[in-house]
Amino acid sequence: MDQEFETYCGKMKDELERLCGEKTRITLTETVKNNGLVRWGFQLMAEGRNSAVILYVDDFYKDYQNGIGVGELARMAFSDYKNREKDLPGILKKMGDVSGLEGVRDRIIYKLVNYEKNEKLLGDIPHVRFCDLAAVFSLAVDLRNAYQMSAMISNECLERWGIDSETLFGIAAANTQRRFPTSVKTMAEVMREIVSESMGEEQGEDFLGELFSVPQTCPMYVMSNSVGIYGAAVVLYDGELRRLASALGRDLIILPSSVHEVLVIPYNEELVMGDLREMVRHVNESEVPEEEVLSDNVYWYNRDTDTISIIYDRQKDVTEGSVPR
């Protein structure tokens with residue numbers, strides 16, 4: 001934490017303590033997010049509550065640097081806190097009884113993250129490793145909007161429930177695939193949606209007519225889930241890659257676009273794997289937010305063995321790997 005940010009945090013805490021009064025305990029806390037991204041926030045716990053609200057103060061820091069006063073920012077943060085504190089009992093009620101597995105079984109879901117970038121976090125939570133990635137587990141608070149409102153499952157929860165990571169994976173796999181089914185679209189379909197939304201239907205059709213007048217020598221598909229959030233996990237879904245590979249009659253090359261989706265190309269011998277890997281690396285560095293990067297690697301799905309492996313060199317120089325079931 002640099003000195004300017006530390007000074008800002010101190011001022012924000014003073015203002016929040018003045019607004020909240022003596023019956024609310026305020027503590028500066030560090031939270032490690034996906035890929036080791038650190039978020040700083042204030043944990044506010046009102047007297048008589050056994051759960052706290054966390055306000056991420058770095059959300060307001062750019063406004064502070066742009067000249068907005070701490071008093072105004074603190075009032076905005078306080079308003080957010082009051083709304084969330086009011087909703088807290090309802091959220092806890094939706095969460096259910098977490099002391100036993102059966103009370104939360106149907107709320108357990110998973111997502112895919114990068115293993116190396118999250119080694120510190122993975123030391124405290126159950127996970128199942130998959131190539132250079134890891135499946136991690138959350139408890140959905142609101143099943144209609146599960147990925148926006150969920151709580152990470154800890155090793156302590158696993159001990160309380162008396163199960164291991166592999167059993168947890170089996171539960172999460174069934175829930176996640178059922179609640180968030182796979183979406184597969186051609187790149188042309190995705191481009192059509194984006195262009196129509198940004199340019200309007202008529203102008204968009206003219207633009208797309210020119211864009212797709214050139215023959216597509218390398219068909220590309222976008223795989224995600226039905227909500228488009230943490231959809232890269234569909235590569236773990238039972239049978240999904242096998243069905244696509246069977247329909248295309250080819251093995252598949254998988255490019256991790258982000259934690260939210262992957263790009264899939266039917267394998268052909270003209271593909272240069274090193275170029276694809278460099279493309280993924282460049283896009284991750286220049287286009288994808290740090291917290292949403294999945295991997296710089298490219299993967300090979302073998303339809304004969306139903307396995308996914310990392311591709312390192314030009315052609316089939318791969319690591320051994322398989323889809324956890």
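Structure report, in brief. (Residues numbered from 1 in each chain as written. Predicted model: local features only at pLDDT ≥ 70, side-chain atom pairs only at ≥ 80, totals over all residues. Heavy atoms only, no water.)

1. Examining the sheet that holds strand S13 (residues 307-311)
Strands belonging to one sheet form pairs held by backbone hydrogen bonds; the direction of such a pair is parallel or antiparallel. Across the sheet, which stays open at both edges, the six strands sit in the order S8-S9-S11-S10-S12-S13 with antiparallel pairing between neighbours. If you trace the sheet from one side to the other, it starts and ends with strand S8 (182-186) and S13, each paired once. With strand direction ignored, the average angle separating the axes of adjacent strands in the sheet is 30°. With five bridges connecting them, strand S12 (residues 298-302) and S13 associate as antiparallel partners. Counterpart to Tyr-301 in the pairing with S13 is Ile-308. Here helix H9 (residues 240-248) sits on the sheet and contacts S8, strand S9 (221-225), strand S10 (252-258), strand S11 (261-266), S12 and S13; the angle it forms with S10, its principal contact strand, is near 130°. Here helix H10 (residues 273-286) sits on the sheet and contacts S10, S11, S12 and S13; the angle it forms with S10, its principal contact strand, is near 15°. (Pairing = 2+ DSSP bridges. Helix = DSSP H or I, 4+ residues; strand = E, 2+ residues; numbered from the N terminus. Axes fitted to C-alpha atoms, helices over the stretch in contact; angles between N-to-C directions. Contact = heavy atoms within 4.5 Å.)

2. Regarding helix H1 (residues 3-20)
Compared with the 26 Å implied by 1.5 Å per residue over 18 residues, the 25 Å span of H1 between its first and last C-alpha is a close match. Of the residues making up H1, those classed as buried are Phe-5, Tyr-8, Cys-9, Met-12, Leu-16 and Cys-20. Angularly, the buried residues of H1 cover 100° about the axis, an arc narrow enough to put them on a single face. Opposite the packed face of H1, turned more than 90 degrees from it, sit the exposed residues Gln-3, Asp-14 and Arg-18. Put simply, Asp-2 is the residue that caps the front of H1, since its side-chain oxygen is 3.2 Å from the backbone nitrogen of Glu-4. (Expected span 1.5 Å × (residues − 1). Buried < 20%, exposed > 50% of the residue type's maximum accessible area, 1.4 Å probe, protein only. Arc of directions from axis to C-beta. Polar contact = N/O pair within 3.5 Å; in protein donor to acceptor, adjacent residues only side chain to side chain.)

3. Describing empty space enclosed by the protein
Here the idea is plain: a probe the size of a water molecule rolls over the atoms and shows the empty space left. Applying the stated criterion across every chain yields a total of one cavity of 30 Å³ or more. As a volume, the largest cavity reaches approximately 60 Å³. Leu-112, Phe-130, Leu-133, Ala-232, Val-235, Ile-254, Pro-256, Val-262, Leu-294, Tyr-299 and Ile-308 are the residues that line the largest cavity. Counted by class, the lining of the largest cavity contains 11 nonpolar, no polar and no charged residues. (1 Å grid on protein atoms, 1.4 Å probe; cavity = no way out; pocket = protein on both sides within 12 Å on 5 of 7 lines; lining within 4 Å. Points joined across faces, edges and corners; volume = space filled by probe spheres on them. Nonpolar A, V, L, I, M, F, W, Y, C, P; charged D, E, K, R; others polar.)

4. A word on the pairing of strand S3 (residues 53-56)
Pairing between strand S2 (residues 38-46) and S3: four bridges, direction antiparallel. Each bridged residue has a counterpart across the sheet, and for Gln-43 the counterpart in S3 is Ile-54. Here S2 folds back onto S3, and the loop between the two strands holds six residues, one of which, Gly-48, carries a positive phi near 90°.

5. Quick look at the nonpolar core
Ranked by size, the top nonpolar core spans 48 residues in total, and within it Ile-108, Tyr-110, Trp-161, Val-235 and Ile-254 carry the most contacts. Setting aside anything within four residues of it in sequence, one finds Ile-254 in contact with Val-235, Leu-241, Val-262, Leu-263, Val-264, Val-298, Tyr-299, Tyr-301 and Ile-308. Core analysis: the second largest hydrophobic core is formed by 22 residues, Cys-20, Phe-60, Val-70 and Ala-77 among them. (Core = buried A, V, L, I, M, F, W, Y, C linked by side-chain atoms within 4.5 Å.)

6. A look at the side chain of His-260
With respect to the element layout, His-260 can be found in the loop between S10 and S11. With relative accessibility at 19%, the residue His-260 sits in the buried group. At a separation of 2.9 Å, a polar atom in the side chain of His-260 contacts the main-chain amide nitrogen of Tyr-230. In this structure, His-260 is in contact with Ser-224, Gly-228, Ile-229, Tyr-230, Gly-231, Ala-232 and Glu-292, ignoring residues within four places of it in sequence.

7. Details of unusual backbone geometry
The phi angle at Cys-131 is positive, at roughly 50°, despite the residue not being glycine. Looking at where Cys-131 falls in the secondary structure, it is placed in the loop between strand S5 (127-130) and strand S6 (133-140). A relative accessible area of 18% means that Cys-131 is categorised as buried. At Tyr-230, a residue that is not glycine, the phi angle is positive and equals roughly 50°.

8. Describing the packing of aromatic side chains
If you walk through the whole model with that rule in mind, you get eight aromatic pairs. Centre to centre, the rings of Tyr-8 and Tyr-61 are 5.0 Å apart; their planes meet at 45°, and the pair counts as tilted. Placement of Tyr-8 in helix H1 and of Tyr-61 in helix H2 (residues 61-65) is noted, with a sequence separation of 53 residues between them. Take Tyr-8: its relative accessible area is 0%, and that puts it in the buried class. On the basis of relative accessibility, which here comes to 11%, the residue Tyr-61 falls in the buried class. Measuring from ring centre to ring centre gives 4.5 Å for Tyr-267 and Trp-300, while their planes differ by 45°; the resulting arrangement is tilted. (Phe/Tyr/Trp six-rings, centres within 6.5 Å; stacked < 30°, edge-to-face > 60°.)

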